Amino acid sequence: MSQTTSAKRPLTALQKNVKKTVVVRLKNEVEYKGKMKNVDSYMNLIMTEAEELVDGKIVGKFARAILRGNNVLFIKLEDEI
Amino acid sequence: MSQTTSAKRPLTALQKNVKKTVVVRLKNEVEYKGKMKNVDSYMNLIMTEAEELVDGKIVGKFARAILRGNNVLFIKLEDEI
Amino acid sequence: MSQTTSAKRPLTALQKNVKKTVVVRLKNEVEYKGKMKNVDSYMNLIMTEAEELVDGKIVGKFARAILRGNNVLFIKLEDEI
Amino acid sequence: MSQTTSAKRPLTALQKNVKKTVVVRLKNEVEYKGKMKNVDSYMNLIMTEAEELVDGKIVGKFARAILRGNNVLFIKLEDEI
Amino acid sequence: MSQTTSAKRPLTALQKNVKKTVVVRLKNEVEYKGKMKNVDSYMNLIMTEAEELVDGKIVGKFARAILRGNNVLFIKLEDEI
Amino acid sequence: MSQTTSAKRPLTALQKNVKKTVVVRLKNEVEYKGKMKNVDSYMNLIMTEAEELVDGKIVGKFARAILRGNNVLFIKLEDEI
Amino acid sequence: MSQTTSAKRPLTALQKNVKKTVVVRLKNEVEYKGKMKNVDSYMNLIMTEAEELVDGKIVGKFARAILRGNNVLFIKLEDEI
């Protein structure tokens, strides 16, 4: 699926959001909101200053964590083009 | 499974719908309706202006998100040939 | 498992049914009946004019969709040799 | 795990049963009894004249279908050496 | 993880038990006791003269079957060194 | 996704925390707090002096264990930049 | 993730414990305590003189078995450096 489109591919778009705030929802429906310090092609992420949210309520916090990419359902990005 | 058929293969057909509105249903039965900004061969998607739907009812919205392809059940495309 | 048998291998048989009506059952037991516009070696499918069936009853319809192959349980083909 | 044993490896034994009647049990515990028209190394199968069995009772029939190999629990073969 | 230890690696040990009686427990907790006619590196097995056991009680028998390796939890071998 | 960014990739960041205290949460929601003696690219970990925690309460302890990486949900690191 | 650290990587550490007593916990929460005769890079294990434990109580014993690595949650090692 090589292509010459100028639109950014999903992993490239994700990479462009490094150092920005994201909300990661995992397959177990728990969400993590914080700064995405880095990410790789498996969607393994380093998150900092993160809040853990269940049904929108904060249930935990952590300063820095590595999330394993295979658990990711989706990653909400800040609104920008 | 090389072939010379003129019919488009699934991933190619998906790629042709970039920038169009799609409805993505994930394995957890939740649907996301919005513009598919881009997609790769794993069905990782960038979606924008998306509504999150449970049983057809809007339960959330987000401006931009990356959906991880391995969670995708199917992707409904706009009706066109 | 190379072989010289004249019988068609499963993926080849599937490919031969492109443009025909099939019934796809997914792992979540939901069935999709429609025209298989195309298919690849992962069993990713393009379906058109499809009905969504639960316990044999139509619960939805869509004009065109891409089904992700890893969710497929089986694909019923039209009766032909 | 190369070897020179004369005993047939599982996939080879499976291939030798092409065109014979088999019973395939899937991970969802449903069984399919019919003629195995062909099979590949992922255990994708073409079955014809198949009965679908739940707890040993016929709940459905189909003339021809492709079963996706990753759902297979086991395949009972006709008794022969 | 290359090594020169004389102890047998798991797949080699399994191969050495071909033609012996084994008990295979699958992930669904059902056990199959019978002769392991052959096995490959995915733990796909050919079993013959097998009993199907649930909670230690025989609930079925089959003359010959191929078990798909990815369902295997463990395989009990005859006691020998 | 090659890049020249100076930010550390997730697996590199993880490696930098070898010999430090981490909290590993597995997919079954159980947490393990202890010293991460080593880790590889699958997130297989050697942990020592570890406490097993369910809902924040210690339910077990072990001196040294290997955790299989595919079970990891996330790994909380000590707060540092 | 090549490195020159002297600390042992997880699979190497596991290999160093061959012939020692370990406790293997599988994803179904059942534990197996016995001698680890050998292990490979998938964490497939040969265990001998093993006890099967549910909630710490012995529910079964076996002389020798091969455990399939993909079911492993973690492996507790004897306390040593």
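Since the model is a prediction, treat every value here as computed from it, not as a measurement. (Residues numbered from 1 in each chain as written. Chains lettered and ligands numbered in written order. Predicted model: local features only at pLDDT ≥ 70, side-chain atom pairs only at ≥ 80, totals over all residues. Heavy atoms only, no water.)

## Section: the overall build of chain A
Thinking step 1. Within chain A one finds 1 helix and 5 strands.
Thinking step 2. Put simply, chain A runs from its N terminus to its C terminus through helices and strands in the order α-β-β-β-β-β.
Thinking step 3. Considering chain A as a whole, with its 81 residues, one finds that 56% of them fall into the buried category.
Thinking step 4. Across chain A, every contact between residues at least 6 apart in sequence was considered, and the portion connecting residues at least 24 apart equals 37%.
Thinking step 5. When the accessible surface of chain A is split by element, carbon and sulfur atoms take 48% of a total near 3700 Å². (Helix = DSSP H or I, 4+ residues; strand = E, 2+ residues; numbered from the N terminus. Buried < 20%, exposed > 50% of the residue type's maximum accessible area, 1.4 Å probe, protein only. Contact = heavy atoms within 4.5 Å. Areas by Shrake-Rupley, 256 points an atom, 1.4 Å probe, with all protein chains shown as cover.)

## What to know about the packing of aromatic side chains
Thinking step 1. Tallied over the entire structure, the rule returns 21 aromatic pairs over all chains.
Thinking step 2. Ring centres of A:Phe74 and B:Phe62 lie 5.6 Å apart, and the angle between their planes is 35°; on these two criteria the pair is classed as tilted. Placement of A:Phe74 in strand E5 (residues 72-76) and of B:Phe62 in strand E4 (residues 57-67) is noted, with the two residues assigned to different chains.
Thinking step 3. Taking relative accessible area as the criterion, A:Phe74 reaches 1% and is therefore assigned buried.
Thinking step 4. A residue is classified by how much of its surface remains accessible, and B:Phe62, at 8% relative accessible area, is buried.
Thinking step 5. Note on B:Phe74 and C:Tyr32: the rings are 5.4 Å apart at their centroids and 70° apart in plane angle, and the pair reads as edge-to-face. A residue pair is termed interchain when its members come from two chains, as with B:Phe74 in strand E5 (residues 72-76) and C:Tyr32 in strand E2 (residues 31-39). (Phe/Tyr/Trp six-rings, centres within 6.5 Å; stacked < 30°, edge-to-face > 60°.)

## Points about the pattern of salt bridges
Thinking step 1. Taken as a whole and judged by the stated rule, the model has 21 salt bridges over all chains.
Thinking step 2. We note a salt bridge from D:Arg25 to D:Glu31, for which the minimum N-O separation is 2.8 Å. Comparing D:Arg25 with D:Glu31, the two get one shared label, buried.
Thinking step 3. The shortest N-O distance in the salt bridge between G:Lys76 and G:Glu31 comes to 3.7 Å. Of the two residues, G:Lys76 is situated in strand E5 (residues 72-76) and G:Glu31 in strand E2 (residues 31-39); the sequence distance between them amounts to 45 residues.
Thinking step 4. By sharing partners, the salt bridges in this structure join A:Arg25, A:Glu31, A:Lys76 and B:Glu52 into a single network. (Salt bridge = Lys/Arg side-chain N within 4 Å of Asp/Glu carboxyl O.)

## Regarding the environment of D:Leu67
Thinking step 1. In this structure, D:Leu67 sits in strand E4 (residues 57-67).
Thinking step 2. When the C-alpha atoms of D:Leu67 and D:Ile46 are compared, they prove to be 6.5 Å apart, with 21 residues separating the residues in sequence.
Thinking step 3. Beyond its immediate sequence surroundings of up to four residues, D:Leu67 is in contact with C:Leu73, C:Phe74, D:Val24, D:Leu26, D:Tyr32, D:Met43, D:Asn44, D:Leu45 and D:Met47.

## Here we look at the interface of chain D and chain E
Thinking step 1. Taken together, the contact between chain D and chain E spans 27 residues of the former and 23 residues of the latter.
Thinking step 2. Viewed at the interface, chain E and chain D are joined by 1 salt bridge.
Thinking step 3. Where D:Arg25 meets E:Glu52, a salt bridge forms, and the shortest distance between an N and an O atom there is 2.7 Å.
Thinking step 4. For the pair chain D and chain E, the interface holds 10 residue pairs in polar contact (both at pLDDT 80 or more).
Thinking step 5. Of all the elements in the fold, those that place two or more residues in the side of chain D that touches chain E are helix H1 (10-16) and strand E5 (72-76) of chain D.
Thinking step 6. Residues of the side of chain D that touches chain E, tallied by class, amount to 14 nonpolar, 4 polar and 9 charged.
Thinking step 7. By the bridge criterion, 3 bridges tie E5(D) to strand E4 (residues 57-67) of chain E in an arrangement that is antiparallel. For D:Lys76, the partnering residue across the bridge sits in E4(E) and is E:Ala65. (Polar contact = N/O pair within 3.5 Å; in protein donor to acceptor, adjacent residues only side chain to side chain. Nonpolar A, V, L, I, M, F, W, Y, C, P; charged D, E, K, R; others polar. Pairing = 2+ DSSP bridges.)

## Quick notes on the interface of chain B and chain A
Thinking step 1. Across the contact, 23 residues belong to chain B and 27 residues belong to chain A.
Thinking step 2. Carbon and sulfur atoms make up 55% of the area that chain B and chain A hide from each other, which totals about 2100 Å².
Thinking step 3. For chain B, the biggest contributors to the area lost against chain A are B:Arg64, B:Ile66 and B:Arg68; these three give 36% of the whole.
Thinking step 4. Summed over the shared surface of chain B and chain A, the number is 10 residue pairs in polar contact (both at pLDDT 80 or more).
Thinking step 5. Taken together, the elements giving at least two residues each to the side of chain B that touches chain A come down to helix H1 (10-16), strand E2 (31-39), strand E3 (45-54) and E4 of chain B.
Thinking step 6. The leading source of residues in the side of chain B that touches chain A is E4(B), at 6 residues. (Buried area = accessible area lost by both parts, 1.4 Å probe.)

## Comments concerning the relation of the copies chain B and chain A
Thinking step 1. Rotating chain B by 51° and translating it 0.0 Å along the rotation axis places it on chain A, where the RMSD comes to 0.0 Å.
Thinking step 2. Each copy contacts the other with its own distinct surface, as only 9% of the interface residues of chain B are interface residues in chain A too. (Least-squares fit on C-alpha atoms with pLDDT ≥ 70 in both.)

## So, the relation of the copies chain D and chain E
Thinking step 1. Overlaying chain D with chain E gives an RMSD of 0.0 Å, the required rotation being 51° about an axis along which the chain moves by 0.0 Å.
Thinking step 2. Comparing interface residues between copies, only 7% of those in chain D also lie at the interface in chain E; the contact surfaces differ.

Distances and angles like these do not, on their own, reveal function.
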